[in-house]
Amino acid sequence: HVDGLADAKAGRARVFAAARAGDVEAIRRAFDSGFDPATLDVDGRTIQQIAKEHRHGAIEVLARGLRERNTRPEAEAKAL
């Protein structure tokens, strides 16, 4: 169980490193694999906030779109 937690923490760190580096494909794969765009890094920032700070527009738009889709009421999301 402890190893699984360490692996998950390392995986999150890699996703946030990819966001800082501007690796859109790595971020897309993370989201496709179920990475929650509302997850916070050790500094309390989301992928979208990191992307905005580093001026990675494509990642910012991808994260924002996914967060908006995940926070819409169910009836509204089904209409899309």
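Refer to the structure printed above.
A brief look at the structure comes next. (Residues numbered from 1 in each chain as written. Predicted model: local features only at pLDDT ≥ 70, side-chain atom pairs only at ≥ 80, totals over all residues. Heavy atoms only, no water.)

Remarks on the overall build of the chain
Assigned secondary structure in the chain consists of five helices and zero strands. For the chain, the N- to C-terminal ordering of α and β elements is α-α-α-α-α. Per-residue burial for the chain yields a buried fraction of 28% across its 80 residues. Partitioning the intrachain contacts of the chain with sequence separation of at least 6 by distance along the chain shows that 49% fall at a separation of at least 24. When the accessible surface of the chain is split by element, carbon and sulfur atoms take 51% of a total near 5,500 Å². (Helix = DSSP H or I, 4+ residues; strand = E, 2+ residues; numbered from the N terminus. Buried < 20%, exposed > 50% of the residue type's maximum accessible area, 1.4 Å probe, protein only. Contact = heavy atoms within 4.5 Å. Areas by Shrake-Rupley, 256 points an atom, 1.4 Å probe, with all protein chains shown as cover.)

A few points about the packing of aromatic side chains
All chains considered together, the criterion is met by two aromatic pairs. Aromatic pair Phe-31 and Phe-35: ring centres 6.3 Å apart, planes at 35°, arrangement tilted. Judged by relative accessible area, Phe-31 falls into the buried class, the value being 10%. Counting every residue linked through ring pairs, the aromatic cluster contains Phe-16, Phe-31 and Phe-35. (Phe/Tyr/Trp six-rings, centres within 6.5 Å; stacked < 30°, edge-to-face > 60°.)

Thoughts on the pattern of salt bridges
Under the definition given, this model contains five salt bridges. Notably, a salt bridge pairs Arg-28 with Glu-25, separated by 3.6 Å at the nearest N-O pair. Pair noted here: Arg-28 and Glu-25 are both in helix 2 (residues 24-32), with a separation of three residues, about one helical turn. The exposure class of Glu-25 is partly exposed, given its relative accessible area of 44%. Here the residues in one salt-bridge network are Asp-41, Asp-43, Arg-45 and Glu-53, joined through shared partners. (Salt bridge = Lys/Arg side-chain N within 4 Å of Asp/Glu carboxyl O.)

Some details on the nonpolar core
Among the nonpolar cores identified, the biggest contains 15 residues, and Val-15, Ile-27, Phe-31, Phe-35 and Ile-47 are the most heavily contacted of them. For this core, the elements supplying multiple residues, two or more each, are helix 1 (2-21), helix 2, helix 3 (47-53) and helix 4 (57-71). Residues in contact with Ile-27, not counting those within four places in the same chain, are Val-15, Ala-18, Ala-19, Ile-47, Ile-59 and Leu-62. (Core = buried A, V, L, I, M, F, W, Y, C linked by side-chain atoms within 4.5 Å.)

Regarding helix 2
Turning to helix 2, its buried residues are Ala-26, Ile-27, Ala-30 and Phe-31. Buried residues of helix 2, viewed axially, fall in a sector of 135°; they line one side. Opposite the buried face of helix 2, by more than 90 degrees, sit the exposed residues Arg-29 and Asp-32. Gly-34, located one to two residues past helix 2, shows a positive phi value of around 105°. (Arc of directions from axis to C-beta.)

Here's the deal with the side chain of Asp-41
Looking at where Asp-41 falls in the secondary structure, it is placed in the loop between helix 2 and helix 3. For Asp-41, a relative accessible area of 10% corresponds to the buried category. Here Asp-43 takes part through its backbone nitrogen, which lies 2.9 Å from a polar atom of the side chain of Asp-41. Among the polar contacts made by the side chain of Asp-41, one reaches the main-chain amide nitrogen of Arg-45 at a distance of 2.8 Å. Apart from residues no more than four positions distant in its own chain, Asp-41 is found in contact with Phe-16, Arg-20 and Ile-50. (Polar contact = N/O pair within 3.5 Å; in protein donor to acceptor, adjacent residues only side chain to side chain.)

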